[in-house]
Amino acid sequence: MSDKQVELNEHGHELLAWSDDSRHDVDEADHYVLMADAIRDLLIEKGVIKAGDVREQLEFMDSRSEDMGARIVARAWANPDFKERLLANGTEAIKEFDIPMLDAELVVVENTNEFHNMVVCTLCSCYPRTILGMPPDWYKSKTYRSRSVNEPRAVLKEFGTDLADDVAVRVHDSNADMRYLVLPLRPEGTDGWSEPELAKLVSRDSMIGVSPATEPATEPET
Amino acid sequence: MVGVHDIGGLPAGPMIIEDHEMEPWFKLLNAIAGAMRSRGHTTIHEMRRCLESLPQGVYDRGYAERWSEAVCDLLEEKGLLTKAEVLERIAEMRAAGGGGAS
């Protein structure tokens, strides 16, 4: 792997060229491809885990996606009681969707006209995986991890999200015990929409807090 | 002490906003780690400590690569397998012309 290459930004600060933000050469990848197989086979042979355990885990991963999060957000937009419960105790509130949080607590943070929330895990890649699926590559990148906490507005701009100066940014640093979900602002012109209609406006990125929810293209037919 | 993982606030270049489908071998590794947790052999906190204890050079190999190394370290620490066994098995697979993530 390449060593850190030194570059300077416009302020003369050293920039680190993070090596894990790029793809890897084939030889190295092959080693780890085989390592995963080797570990699985050894653990099954030794009776530590069963083949069925691995299959179950793979199926569980496949069953998780941002659609879960979109349903939660849509219900919070449509149902004030649920929203109140969700903001008070996310872990408890999502039980009605039959979504487990495994080891962690869920904290839901609401965007308003005064505050914009954004989620990062500076230490690694903690993320509400049971609600959003696996985190995107950029979320796990060292660039996002390092910069989000000291220049969130600049990072948001690179996502095309240009916040007004009078909107404060709150950055939430996730950890193994605490996972965050952003409740984005409900788009204008969606009064009376059903939960499934609203859910279509809720992107993964809006629940991480790097973009707003999708604006409705047209009014739905009534 | 600041560990290899503690990078919040450090300067870095522009965001590379990309995402790829998870590679099958890394998905398998995640499933193995999940199975270890659900069987009660390991905890997420032990996994985190192993990730955070990796030498800089290993940590910088990449996200999936560092997870692989950390899983291996944790399993060895638990006495469930050794790194030597894993490397030996990899060599056997290579000798047999094996594929991977099957």
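Right above here is the structure, for reference.
None of these values were measured; they are calculated from a predicted model. (Residues numbered from 1 in each chain as written. Chains lettered and ligands numbered in written order. Predicted model: local features only at pLDDT ≥ 70, side-chain atom pairs only at ≥ 80, totals over all residues. Heavy atoms only, no water.)

Participant: Explanation requested: the interface of chain A and chain B in the structure shown.
Facilitator: One frequent convention defines the size of an interface as the accessible area lost when the parts assemble. Every contact between the two is made by 64 residues of chain A and, on the other side, 66 residues of chain B. Carbon and sulfur atoms supply 62% of the area that chain A and chain B bury against each other, a total of about 6000 Å² over both sides. Between the two partners, chain A and chain B, sit seven salt bridges. Notably, a salt bridge pairs Asp19(B) with Arg204(A), separated by 3.3 Å at the nearest N-O pair. Where the side of chain A that touches chain B is concerned, the elements lending two or more residues are strand 2 (14-16), helix 1 (26-45), helix 2 (51-62), helix 7 (137-140), helix 8 (142-147) and helix 9 (152-158) of chain A. (Contact = heavy atoms within 4.5 Å. Buried area = accessible area lost by both parts, 1.4 Å probe. Salt bridge = Lys/Arg side-chain N within 4 Å of Asp/Glu carboxyl O. Helix = DSSP H or I, 4+ residues; strand = E, 2+ residues; numbered from the N terminus.)

Participant: Just to check I follow, could you spell out the packing of helix 1 (residues 24-38) of chain B against helix 4 (residues 63-77) of chain B for this structure?
Facilitator: Pairs of packed helices are described in terms of their axes, by the angle between the two and the distance that separates them. All names here are of chain B. Taken N-terminus to C-terminus, the directions of helix 1 and helix 4 make an angle of 35°; their axes are 10 Å apart at the nearest point. Helix 1 and helix 4 meet at a crossing whose hand is left-handed. When helix 1 is examined against helix 4, the residues Trp25, Phe26, Leu29, Ala33 and Met36 are found in contact with a partner set consisting of Tyr63, Ala64, Glu65, Trp67, Ser68, Val71 and Leu75. (Axes fitted to C-alpha atoms, helices over the stretch in contact; angles between N-to-C directions. Left-handed = near helix turned anticlockwise from the far one by under 90°.)

Participant: Would you explain the environment of Leu156(A) in this entry?
Facilitator: All names here are of chain A. Examined against the element boundaries, Leu156 turns out to sit in helix 9. On the basis of relative accessible area, Leu156 is assigned to the buried category, the value being 0%. For the pair formed by Leu156 and Val169, sequence separation is 13 residues and the distance between their alpha carbons is 10.0 Å. Sequence-distant contacts of Leu156, defined by excluding residues within four places in its chain, comprise His116, Met118, Thr161, Leu163, Val169, Gly209 and Val210. (Buried < 20%, exposed > 50% of the residue type's maximum accessible area, 1.4 Å probe, protein only.)

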